[in-house]
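Residues per chain are reported as follows:
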Amino acid sequence: GAVVSQHPSWVICKSGTSVKIECRSLDFQATTMFWYRQFPKQSLMLMATSNEGSKATYEQGVEKDKFLINHASLTLSTLTVTSAHPEDSSFYICSARDRRLAGKNYEQYFGPGTRLTVT
Amino acid sequence: KNQVEQSPQSLIILEGKNCTLQCNYTVSPFSNLRWYKQDTGRGPVSLTIMTFSENTKSNGRYTATLDADTKQSSLHITASQLSDSASYICVVSAYYKLSFGAGTTVTVRA
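Residues numbered from 1 in each chain as written. Chains lettered and ligands numbered in written order. Predicted model: local features only at pLDDT ≥ 70, side-chain atom pairs only at ≥ 80, totals over all residues. Heavy atoms only, no water.

Q: Describe the sheet that holds strand β1 (residues 4-7) of chain A, naming the residues involved and giving the relevant values.
A: All names here are of chain A. The antiparallel open sheet is built from four strands, whose spatial order is β1-β3-β8-β7. For this open sheet the edge positions go to β1 and β7 (67-73), each flanked by a neighbour on one side alone. This sheet shows a mean twist of 15 degrees between the axes of neighbouring strands, independent of strand direction. Direction of pairing for β1 relative to strand β3 (residues 19-25): antiparallel, over a ladder of four bridges. By the bridge assignment for β3, H7 is matched with E22. (Pairing = 2+ DSSP bridges. Helix = DSSP H or I, 4+ residues; strand = E, 2+ residues; numbered from the N terminus. Axes fitted to C-alpha atoms, helices over the stretch in contact; angles between N-to-C directions.)

Q: Can you lay out the packing of aromatic side chains for me, pointing to particular residues and giving the numbers?
A: Taken as a whole and assessed by the stated rule, the structure comprises eight aromatic pairs over all chains. Residues A:F110 and B:Y36 carry aromatic rings whose centres are separated by 5.1 Å and whose planes lie at 85 degrees to one another, so their mutual orientation is edge-to-face. With A:F110 in strand β10 (residues 108-110) and B:Y36 in strand β4 (residues 32-38), the pair connects residues from two separate chains. No difference in accessibility class separates A:F110 from B:Y36, as the two residues are buried. Put simply, the rings of A:Y36, A:F110, B:Y36 and B:F100 pair up and form one aromatic cluster. Just above the ring of A:F67 sits the side chain of A:K66; from NZ or CZ to the centre is 6.0 Å. Positioned above the aromatic ring of B:Y62 is the side chain of B:R61, whose terminal nitrogen or guanidinium carbon lies 5.8 Å from the ring centre. (Phe/Tyr/Trp six-rings, centres within 6.5 Å; stacked < 30°, edge-to-face > 60°. Buried < 20%, exposed > 50% of the residue type's maximum accessible area, 1.4 Å probe, protein only. Lys NZ or Arg CZ within 6 Å of the ring centre and 35° of its normal.)

Q: Account for the interface of chain B and chain A, with residues named and values stated.
A: When the parts of a complex come together, some accessible area is lost, and that lost area is often taken as the interface size. Counting from both sides, the interface comprises 21 residues of chain B and, opposite them, 19 residues of chain A. In total, chain B and chain A occlude about 1,600 Å² of area from one another, counting both sides; carbon and sulfur atoms represent 52% of this. Linking chain B to chain A there are one salt bridge. A salt bridge links B:K97 to A:E59; the nearest nitrogen and oxygen atoms lie 2.7 Å apart. Counting every contact that joins chain B to chain A gives five residue pairs in polar contact (both at pLDDT 80 or more). For the side of chain B that touches chain A, the secondary-structure elements that each account for two or more residues are β4, β5 (45-51), β9 (86-94) and β10 (97-100) of chain B. Looking at which element gives the most residues to the side of chain B that touches chain A, the answer is β4(B), with four residues. Tallied by class, the residues present in the side of chain B that touches chain A amount to nine nonpolar, nine polar and three charged. (Contact = heavy atoms within 4.5 Å. Buried area = accessible area lost by both parts, 1.4 Å probe. Salt bridge = Lys/Arg side-chain N within 4 Å of Asp/Glu carboxyl O. Polar contact = N/O pair within 3.5 Å; in protein donor to acceptor, adjacent residues only side chain to side chain. Nonpolar A, V, L, I, M, F, W, Y, C, P; charged D, E, K, R; others polar.)

Q: Outline the state of the cysteines, listing residues and values.
A: Here the structure, examined in full by the defined rule, presents two disulfides over all chains. Across a sulfur-sulfur distance of 2.0 Å, A:C23 and A:C94 are joined as a disulfide pair. Negative torsions about the S-S bond denote left-handed disulfides, and the value of about 80 degrees found for A:C23 with A:C94 makes this one right-handed. Of this pair, A:C23 sits in strand β3 while A:C94 is found in strand β9 (residues 90-98), placing the two residues 71 residues apart along the sequence. For A:C23, a relative accessible area of 0% gives the class buried. Given a relative accessible area of 0%, A:C94 falls into the buried group. The disulfide partner of B:C23 is B:C90, and the S-S distance across this bridge is 2.0 Å. (Disulfide = S-S within 2.5 Å.)

Q: Residue-level account of the nonpolar core, with values.
A: Grouped burial of nonpolar side chains is what soluble globular proteins tend to show. Formed by 26 residues in total, the largest nonpolar core has its most connected members in B:L21, B:Y25, B:L33, B:W35, B:L75, B:Y88 and B:V92. Secondary structure elements with two or more residues in this core: β2 (10-14), β3 (19-25), β4, β5, β7 (62-67), β8 (72-77), β9 and β11 (104-109) of chain B. The element that contributes the greatest number of residues to this core is β9(B), accounting for five residues. With residues near it in sequence (within four places) discarded, B:L21 still touches B:S7, B:L11, B:W35, B:S73, B:S74, B:L75, B:Y88, B:T104 and B:V106. The next biggest cluster of nonpolar side chains, apart from the first, holds 24 residues, and it includes A:V11, A:M33, A:V81 and A:L116. (Core = buried A, V, L, I, M, F, W, Y, C linked by side-chain atoms within 4.5 Å.)

Function cannot be inferred from these measures alone, as they are strictly geometric.
As structure tokens, this is what we get:
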């Protein structure tokens, strides 16, 4: 149980185009999903927190108009990188929190990540 | 500022040997401490999660310890296997906010 999937697993796009990444919780409902970015040999950096049915909360320095997040259902969140540039090339990882697990010691399940390369 | 420091940055060990990874943190207020294993090009997978009152937790050959007084944690890998080659990330939670360490890259050689 507690599986989080991401699609696609890797994508190459041209500079100036937009790309959408999907994050799904396969066997549980996720009230909250998180989007991270990870550069080579660095740790995960939280980009935004998305709650089902409401606007995402972005971390300082993350452009909300460039990284569009939609959490339309309890099992799906999407991250759209708009007008992508080579510096957006990175490993994007989502995670989801099981709504059944209350309290601050909840488990957070990570997706397998999406490798984005912008040429 | 909440910080999580891990050491060493990387290490190489021979198959079958043991190793210990360290994590020091200054996160406050403290909710829990987690260790994740991240294979190259994959998302992190949870190994252990410990609350303030727990000072040791095991998951197979992985044993994590926590000293909440000194704000230190360690992850011990016993009888390492080639499949243990990965990055190990220490994550400390302050309520619902996670602070990530930079990770320790472990390479197990035959």
